[in-house]
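Chain residues, written in single-letter form:
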Amino acid sequence: MSDVTLPGLLDTEAIRKDFPILDRTVHDGHKLVYLDNAATSQKPRQVLDAMSDYNERHNANVHRGVHVLAEEATALYEGARDKVAAFVNAPSRDEVVFTKNASESLNLVANMLGWADEPYKVEHDTEIVITEMEHHSNIVPWQLLSQRTGAKLKWFGLTDDGRLDLSAVDEIITEKTKVVSFTLVSNIMGTINPVEAIVRRAQEVGALVVVDASQAAPHMVLDVQALQADFVAFTGHKMCGPTGIGVLWGRQELLDDLPPFLGGGEMIETVTMHSSTYAPAPHKFEAGTPPIAQAVGLGAAVDYLSSIGMERIQEHEHALTAYAVDKLREIPDLRFIGPTTAEDRGATISFTLGDIHPHDVGQVLDEQGIAVRVGHHCARPVCLRYGIPATTRASFYLYSTPAEVDALAAGVEHVRNFFA
Amino acid sequence: MSDVTLPGLLDTEAIRKDFPILDRTVHDGHKLVYLDNAATSQKPRQVLDAMSDYNERHNANVHRGVHVLAEEATALYEGARDKVAAFVNAPSRDEVVFTKNASESLNLVANMLGWADEPYKVEHDTEIVITEMEHHSNIVPWQLLSQRTGAKLKWFGLTDDGRLDLSAVDEIITEKTKVVSFTLVSNIMGTINPVEAIVRRAQEVGALVVVDASQAAPHMVLDVQALQADFVAFTGHKMCGPTGIGVLWGRQELLDDLPPFLGGGEMIETVTMHSSTYAPAPHKFEAGTPPIAQAVGLGAAVDYLSSIGMERIQEHEHALTAYAVDKLREIPDLRFIGPTTAEDRGATISFTLGDIHPHDVGQVLDEQGIAVRVGHHCARPVCLRYGIPATTRASFYLYSTPAEVDALAAGVEHVRNFFA
Amino acid sequence: MKLDSMYQEVILDHYKNPHGKGLREGDAEVHHVNPTCGDEITLRVRYDGETISDVSYEGQGCSISQASASVLNELLVGKELGEARTIQETFLELMQSRGRIEPDEAMEDVLEDAVAFAGVSKYPARVKCALLSWMAWKDATAQALGEDSVKEKTA
Amino acid sequence: MKLDSMYQEVILDHYKNPHGKGLREGDAEVHHVNPTCGDEITLRVRYDGETISDVSYEGQGCSISQASASVLNELLVGKELGEARTIQETFLELMQSRGRIEPDEAMEDVLEDAVAFAGVSKYPARVKCALLSWMAWKDATAQALGEDSVKEKTA
Ligand SMILES: Cc1ncc(COP(=O)(O)O)c(C=O)c1O
Ligand SMILES: Cc1ncc(COP(=O)(O)O)c(C=O)c1O
C-alpha cells in the first residue's frame, strides 16, 4: 500500500479512532476497507455515546411529562432539532421535521401536495417533474402521486457523461408544473447537479422545489436558504447518525398551510371523536412517539461533523475522488458510469468492468476485505439509460484514505485476473 | 417503605439490575420511582448491548450488499423479524412489517384501505368503527380517512366504569362497515377489551379487524392467530425496545392484495421512469432504509421478555395492580377513571384527586422522585366522556415493586396535604 | 424544598381565590388551548379607548395557569394599553428565562404579584401554563383593536 | 482461498460457455427478476408429453445466475418431469443449506455438475442468483402444464 499524501486530506489517523467498526477484520484477517458510504456511513463513538447516555440516563417519552426524565428527554430531543436547524442554516427550528428516513420525508411532501388545497394541490392536468437520476425514493412517491391524482410525471434525461440534460428545461418545467423534485448529488454517479438553473425556472412558473439532499448533507455545506428550495430531505444514517431518523426541512409558510400526513399522538392540538385540530409545525408532521434516541444521535452526528468542518470534509473527499478517478482510469476495460473527472462530483464512483458482472466484482473484492456496493443502487433508470444491468460503486467518506483507494484499485485488478 | 411480598411477583431485585436508568436519583438524591411505563418503558442492558454491537461491528445497509457487513446486517435485521414473528405467533415471518412506531402502523392500514380496490376499499357510503377509548393514534388516521373518502366514522361509547359499551354492537357494526379498529388495552384506563365479541360481529359483516396492541404486547402473551384479527399494531419503545421502531402484523393475503403506502428504495421489484412493480410483503411496506439498529434492539427486547415469560410478567403486574388499587382506594377524594378493581385490566391506573389539577399532582410527585404522567394521555375523548380535564396516571412494568406502589400512595397523600 | 419556588404562597392564593373570574361583556373573545396538558381558557377584553376596562375569563387548568389568569386580571385591568404591553413583555421575558433571571426591584415594580412566577420558569413544561392567559390576552387585544390576529400558538 | 468454494472451475466454465442459451420455441414463457441485484431471466420450456424437450433462456446476470441456467439446461433437457422435479428440489435443498450440507455421493448422482454450487449456499446474497433460473423453470412448467401459476417470488 502506498503512503500517498494529497493536499486537502484530513487527519484520518485521528478520525478513524472515533469509529470502532473500522478496526474490524473480515474474511480471516483482512482489514476492513469500507467503501460503501453512499449506502450508509459508519457511526463515531461520540454518536453512540450520546445515544447510550440518553437510554441509560434520560429515557422518557417527550412533550407531555412534568417529571424530570420527561423534561430531560424533551430538552434533548428538541435540542437535536436546534442542532439540525443550525447545521442546514434553517431560518427557524420549527421548519425541521423529524421523519424515519429520507424516503419518508419525500413521501411526506408528495402526500401533502396530493391532499393540499389550491394553490399547492397536485391534481389532474398538473405536472410533476423529476429526473432520470433520482433514487427510487424520489421516483416511486411521485409515480404513486401521479397515479392517484392523474397528474403527469415528467423528467429530465441524462447526458452521456452522467449529467442532467437541461437543454429543454423550458419545455419540461411549464406553467402546469406544480412541483420539481431532484437530487442534489446522485447516489449512483456522484454527479452534483446545478441547482440554480432548475430553481430559477421552477420559480418562474411558480412550482415548488424539493431537493433530495441525502447524498449532500453528509458531504458538503448544506444551506437551505442558499438553495432557495421549498423542501429539503435527507437521512441520518448516511451522515454519521443512526438508522431510524430522517429530516424534512420545509419553508414555514408551507408547513403551516399544508395538511398533515400521518395522524396520531403529538401532532394534534385538540381531539374530539368528531374532529381534530392540529399542532403547529413541526409537530403537525410528527405523529406518534418520535425517534427520540435517534434524534439525539443525529444531533451528536452534526456536532461531530461540524467540529471537523463540512468544507474540510468536502475538500478531503474531493482530493480522494480525484486520486481514485486517476487510478481507476488506468485499469483496462473499466468504464465510469457518470462523470469521468472529479469536477462537480461527490465522492461516489460507479463503474463497470468489461463484461464481468458487478455482483462478481463485488464478491471478489469482498473476499479481500473491500466493501463496495453492486447493483442498480436504487437508481435503476440510470442503469437502463446506460444499457447496463448494474454497476460497482465505491464511495468515500471523511475517514477514507488514499491507501484504501490503492486497495480498491489493486482489488479491481485482481478481479480482472480472477475472471480472465 | 413496606417490604410487602405478594404472590406472583417477579424477582425484581435481579431484573432491576438489567436497567441502568433505574439506579438514577433525581431532585437531589430522590431515588427514581418510574411509573410512566405506559408512555414508554426503560431499556435493559441486553437491548442496549445488542444495538451497540450492531453499530460497532456489523453496521451496513441491508438487502443489497454482497459484502460481509451487508450480509451480517441483513441477517441481524431479518433475524429480528423472525423473533418478532415468533413472539406474536405469526403464521409467517413475511407478515411482520417494521414501521417507525405504532402510529405509523395504524396510518399504514388506514392508507392501504383508502387506496385499495374492492372489496377492501373504504369510500363514500361505507363505515369505519372505532371506540371512544382509543389513543389519538387510532382516532386521527381514521378521521383523516373518513374526511378524505367520505366514509362515516362511528364508535363504541364507554360505560361509567371504563368499559366498552357493546350493547348496540349490531347497530354500530353493520353491513356497511369496512373496518373495525380498537385497542386491546386502554392506555389511559388500563381496561382490557373483550376482543371476541367485537371480532365475531365484524366477521359476520365481513369487516376487517385492526387491533391496536400497543399496550398489550409489552404486558401479556400476544397471539395474533388467537386474536383472529386482520392487522395488529404495536410499538417497540413500550416493550423494552428502542424508540424508532414499530410493528404491523397483517394477514399474508391482505398484505399481498393491498396497495403500498410509502414508495421508495427496498419496496420495489423493478422501476422504470414510467412505472414500477413492488416487492412482496413485508418489503412492499418498508420504503427506504429501515430502522436496522432499532429492529435489532427490538429483537433483543422480545428475547429478554420471553426469557422472563409473558405469563409471568402479566402475573407480576396483576399482583401489583391489585395491591395499588387497594392502597389508592383508601385515599380520600381519589377517583379512579376506569375500572375500580384489578379485574380485566392492565397495569395502568388513572385517577383524579379532588379538584387538584393533575398537572399539580404530577409536579409534586416528581419532586419526590415519582414519575407519573398527567394530562389526557393522547385519549382526550375519554377525559371528555368523564367530564374531567385530565388524569394522573401511574403505570407499572416488570421491574415495578410494591415499595414503589407504597411510595406512590404516600406521595399522593403528600400532594393532598400540600394543596389542602 | 425546591418546589416552594414554584408554588409560592402568592400563586396558591390566586389559585384558590381567583380575581375577576367569569365571562363578562367584552370587545373580543378568544379561546386558547395548551395541547400539552389540555389547559384551556376563554378570555374577553374590554377597552375604553386605550384603557383596559375589563379582562374576563373562564377556563380549566392547573394552579399555575389559573393563578396566572387571576394575576393578569389584577394587573392589567385599569391600565393603559402601552403600560399593559410592557407588563406582558416583561412577564414573557421572565418566563422564558429558564430560571436565569432573578427579578430585581425594577422588575418587581412592573410585575407586582407576577414576579412570584419566577420559580415556574425553571420548569419548561409549566412555562406554557403560566403564559396561556397572557397569550390569550395579547391575541384578544389585537382582535379588539382590529389589528391582524397575532395569535401566537401556545404549543 | 474461500472464494474458490464459490467460483468452482465448473461454474466458471458454464459461465463462459453457457449451454443452450438463446430463446427457442416453447409451450410457456416466464420472466423472472431478482430485485436485489437486477438479474433477469426470460425462460421457455417445451414439453413432449412428460418429457422436457427444451429449456431455452435469455438473460443477464452474474456468473452464478448464468452458470446456473446453463447447468439447468444441461441437466433437465431430456428428463422426465418427475425426475426433473427431484433434481430441482434437491438443488433447492442444497442452496438453502447455508453451507451445512456436504453433498454425498447420492446427491452428486442427482445433481451432477450442479453440486458445484454447494459453496454458493454459504453466501446468502448469492443463493437467489443460483435459484433464479430454477424458480423460473418451475413457474414455466406449471404454466405449460396448465397448473395454477405457482410463481414463487424470488425476492
Ligand atoms: C394504545 C396506544 N396506541 C398507540 C400508541 C402510539 O404509539 P407510538 O407513539 O409509539 O406511535 C400508544 C402510545 O403512545 C398507545 O398507548
Ligand atoms: C439520493 C438518495 N435519496 C434518497 C435516499 C433514501 O434514503 P433512506 O433510505 O434513508 O430513506 C438515498 C439513500 O438510500 C439516496 O442516496
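Residues numbered from 1 in each chain as written. Chains lettered and ligands numbered in written order. Predicted model: local features only at pLDDT ≥ 70, side-chain atom pairs only at ≥ 80, totals over all residues. Heavy atoms only, no water.

J.: Can you lay out the overall build of chain C for me, pointing to particular residues and giving the numbers?
T.: Looking only at helices and strands, chain C features 6 helices and 3 strands. Walking chain C from its N terminus toward its C terminus, one meets helices and strands in the order α-α-β-β-β-α-α-α-α. In terms of overall dimensions, chain C is globule-like: its C-alpha atoms have a radius of gyration of 14 Å, near the 15 Å expected for 155 residues. Long-range pairs, those at least 24 residues apart, make up 63% of the contacts in chain C with a sequence separation of at least 6. When the accessible surface of chain C is summed, it comes to about 6,600 Å², and 43% of that surface belongs to carbon and sulfur atoms. Of the charged side chains in chain C, 16 are positive and 28 negative; the average position of the first set lies 8 Å away from that of the second. (Helix = DSSP H or I, 4+ residues; strand = E, 2+ residues; numbered from the N terminus. Rg over C-alpha atoms; globule rule 2.2 N^0.38 Å. Contact = heavy atoms within 4.5 Å. Areas by Shrake-Rupley, 256 points an atom, 1.4 Å probe, with all protein chains shown as cover. Lys, Arg positive; Asp, Glu negative; His and termini not counted. Charge placed at Lys NZ, Arg CZ, Asp CG, Glu CD.)

J.: Outline the overall build of chain A, supporting the account with residue identities and numerical values.
T.: A tally of helices and strands in chain A yields 14 helices and 17 strands. Its C-alpha atoms give chain A a radius of gyration of 22 Å, near enough to 22 Å, the size a compact globule of 420 residues would have. Overall, chain A is about 70 × 55 × 35 Å in size when its C-alpha atoms are taken along their principal axes. Per-residue burial over chain A gives 72% buried out of 420 residues. Relative to all contacts within chain A whose residues are 6 or more apart in sequence, the contacts with residues 24 or more apart total 72%. On chain A, roughly 12,500 Å² of surface is accessible, and the fraction owed to carbon and sulfur atoms is 49%. (Buried < 20%, exposed > 50% of the residue type's maximum accessible area, 1.4 Å probe, protein only.)

J.: Describe the relation of the copies chain B and chain A, listing the residues and the values that go with them.
T.: Superposing chain B onto chain A requires a rotation of 180° together with a translation of 0.0 Å along the rotation axis, leaving an RMSD of 0.0 Å. On this basis, the relationship between the two copies can be described by a two-fold rotation axis. For chain B, the smallest separation between a C-alpha atom and the rotation axis is recorded for Gly244 of chain B, amounting to 2.8 Å. An overlap of 99% is found between the interface residues of chain B and their copies at the interface of chain A, pointing to a shared contact surface. (Least-squares fit on C-alpha atoms with pLDDT ≥ 70 in both.)

J.: Which residues make up the arrangement of the chains, and what are the values?
T.: By number of contacts, the leading pair among the 5 pairs of chains in contact is chains A and B. Contact between chain C and chain D is absent, and the least distance between their C-alpha atoms amounts to 45 Å.

J.: Provide a residue-level description of the sheet that holds strand β10 (residues 246–250) of chain A, including the pertinent values.
T.: Residue and element names in this part refer to chain A. The 7 strands lie next to each other as β4-β10-β9-β8-β7-β5-β6, forming an open sheet whose pairing is mixed. Whereas interior strands pair on both sides, the edge strands pair on one side only; in this sheet they are β4 (96–99) and β6 (152–156). Strand-to-strand twist of the sheet, defined as the mean angle between neighbouring strand axes without regard to direction, takes the value 20°. Note: β4 against β10, 4 bridges, orientation antiparallel. Bridging across to β10, Val96 finds its partner in Trp249. (Pairing = 2+ DSSP bridges. Axes fitted to C-alpha atoms, helices over the stretch in contact; angles between N-to-C directions.)

J.: Account for the interface of chain B and chain A, naming residues and giving values.
T.: Facing 96 residues of chain B, the contacting portion of chain A comprises 95 residues. Its largest share of buried area at the contact with chain A, chain B owes to Val66, Arg148 and Met273 of chain B, together 11% of the area lost on that side. Where chain B packs against chain A, one counts 6 salt bridges. Across the pair Glu72 of chain A and Arg24 of chain B runs a salt bridge, and its minimum N-O distance is 2.6 Å. Here chain B is connected to chain A by 50 residue pairs in polar contact (both at pLDDT 80 or more). Ranked by the residues each element gives to the side of chain B that touches chain A, the list is headed by helix α2 (residues 45–58) of chain B, at 7 residues. Here the side of chain B that touches chain A is composed, by residue class, of 42 nonpolar, 38 polar and 16 charged. (Buried area = accessible area lost by both parts, 1.4 Å probe. Salt bridge = Lys/Arg side-chain N within 4 Å of Asp/Glu carboxyl O. Polar contact = N/O pair within 3.5 Å; in protein donor to acceptor, adjacent residues only side chain to side chain. Nonpolar A, V, L, I, M, F, W, Y, C, P; charged D, E, K, R; others polar.)

J.: So, the packing of aromatic side chains: which residues are in play, and what are the values?
T.: Per the stated rule, a full pass over the model turns up 20 aromatic pairs over all chains. On the numbers, 5.0 Å between centres and 70° between planes, the contact of Phe418 of chain B with Phe419 of chain B is edge-to-face. Owing to a relative accessible area of 19%, Phe418 of chain B belongs among the buried residues under this scheme. Ring geometry for Phe419 of chain B and Tyr7 of chain C: centres 5.1 Å apart, planes at 85°, overall edge-to-face. Here the residue Phe419 of chain B occupies a position in the segment after α14 (402–418), and Tyr7 of chain C occupies one in the loop between α1 (3–6) and α2 (9–16), the pair thus bridging two chains. Overall, Tyr7 of chain C belongs to the buried group, its relative accessible area being 3%. Among the aromatic residues, ring-to-ring pairing joins Phe19, Tyr304, Tyr397 and Tyr399 of chain A into one connected group. (Phe/Tyr/Trp six-rings, centres within 6.5 Å; stacked < 30°, edge-to-face > 60°.)

J.: Can you lay out the nonpolar core for me, pointing to particular residues and giving the numbers?
T.: Ranked by size, the top nonpolar core spans 171 residues in total, and within it Leu398 of chain A together with Leu398 of chain B carry the most contacts. It is helix α10 (residues 292–308) of chain A that provides the largest number of residues to this core, a total of 11 residues. Other than its neighbours up to four places away in sequence, Leu398 of chain B contacts Leu10, Thr12, Ile15, Phe19, Cys240, Tyr304, Leu305, Ile308, Ile313, His316 and Glu317 of chain B. (Core = buried A, V, L, I, M, F, W, Y, C linked by side-chain atoms within 4.5 Å.)

J.: So what about the UniProt feature "domain: NIF system FeS cluster assembly NifU N-terminal" (unreviewed entry) in chain C? Which residues, and what values?
T.: Within this numbering scheme, the UniProt entry marks residues 6–129 of chain C as carrying the feature "domain: NIF system FeS cluster assembly NifU N-terminal" (unreviewed entry). For residues 6–129 of chain C, helix accounts for 41% and strand for 22%, while the C-alpha atoms at its two ends are 12 Å apart. (UniProt positions renumbered as here; feature names shortened; annotations may be inferred.)

J.: Quick one: what's the story with the packing of helix α2 (residues 45–58) of chain A against α10 of chain A, residue by residue and with numbers?
T.: Residues and elements named next belong to chain A. Where α2 contacts α10, the axes come no closer than 8 Å and their chain directions differ by 145°. For the crossing formed where α2 meets α10, the hand is right-handed. Across the interface between the two elements, Gln46, Val47, Ala50, Met51, Tyr54 and Asn55 of α2 pack against Ile292, Ala293, Gln294, Val296, Gly297, Ala300, Ala301 and Tyr304 of α10. When its residues are assigned to classes, the contact of α2 with α10 shows 10 nonpolar, 4 polar and no charged. (Left-handed = near helix turned anticlockwise from the far one by under 90°.)

J.: I'd like to hear about the site of ligand 2, residue by residue, with values.
T.: Residues in close proximity to ligand 2 total 15 residues, the closest being Ser103, Asp212, Thr235 and Lys238 of chain A together with Thr289 of chain B. Mapping the residues adjacent to ligand 2 onto the chains of the assembly identifies chains A and B. His135 of chain A places a side-chain nitrogen or oxygen 3.1 Å from an oxygen atom of ligand 2. At 2.5 Å from a nitrogen atom of ligand 2 is found a side-chain nitrogen or oxygen belonging to Asp212 of chain A. Its free accessible area being 390 Å², ligand 2 has 97% of it covered by the protein chains. Its residues placed into classes, the shell around ligand 2 shows 1 nonpolar, 12 polar and 2 charged. (Near = heavy atom within 4 Å.)

J.: Can you explain the site of ligand 1? Please cite residues and give values.
T.: Near ligand 1 you find 15 residues, and of these Thr289 of chain A together with Ser103, Asp212, Thr235 and Lys238 of chain B are the closest. Residues close to ligand 1 are split across chains A and B. Thr289 of chain A places a polar side-chain atom, nitrogen or oxygen, 2.6 Å from an oxygen atom of ligand 1. His237 of chain B is positioned such that a nitrogen or oxygen atom in its side chain is 2.7 Å from an oxygen atom of ligand 1. Computed on the free molecule, ligand 1 has an accessible area of 390 Å², of which 96% lies beneath the protein chains in the complex. Tallied by class, residues from the shell around ligand 1 come to 1 nonpolar, 12 polar and 2 charged.

J.: Provide a residue-level description of the pairing of strand β3 (residues 51–60) of chain D, including the pertinent values.
T.: All names here are of chain D. Where strand β2 (residues 39–48) lies against β3, 9 bridges are found, and the strand directions are antiparallel. Its bridge partner lying in β3, Leu43 is registered against Tyr57. Linking β2 to β3, which pair antiparallel, is a turn of 2 residues; within it Gly49 sits at a positive phi near 65°.

J.: Lay out the sheet that holds strand β16 (residues 373–375) of chain A with the relevant residues and their values.
T.: All names here are of chain A. Sheet architecture is open: 4 strands sit in the order β13-β14-β17-β16, paired in antiparallel fashion. The open sheet has two edge strands with one neighbour each: β13 (334–337) and β16. The mean angle between the axes of side-by-side strands here comes to 35°, regardless of whether they run parallel or antiparallel. Sheet topology places β16 next to strand β17 (residues 391–395); 3 bridges connect them, and they run antiparallel.

J.: Lay out the environment of Leu254 of chain B with the relevant residues and their values.
T.: Residue and element names in this part refer to chain B. Mapped onto the secondary structure, Leu254 falls in helix α9 (residues 252–257). The class of Leu254 is buried, set by a relative accessible area of 1%. Sequence separation between Leu254 and Pro194 is 60 residues, and the spatial gap between their C-alpha atoms is 24 Å. Beyond its immediate chain neighbours, meaning those up to four positions away, Leu254 contacts Tyr120, Leu208, Asp230 and Phe231.

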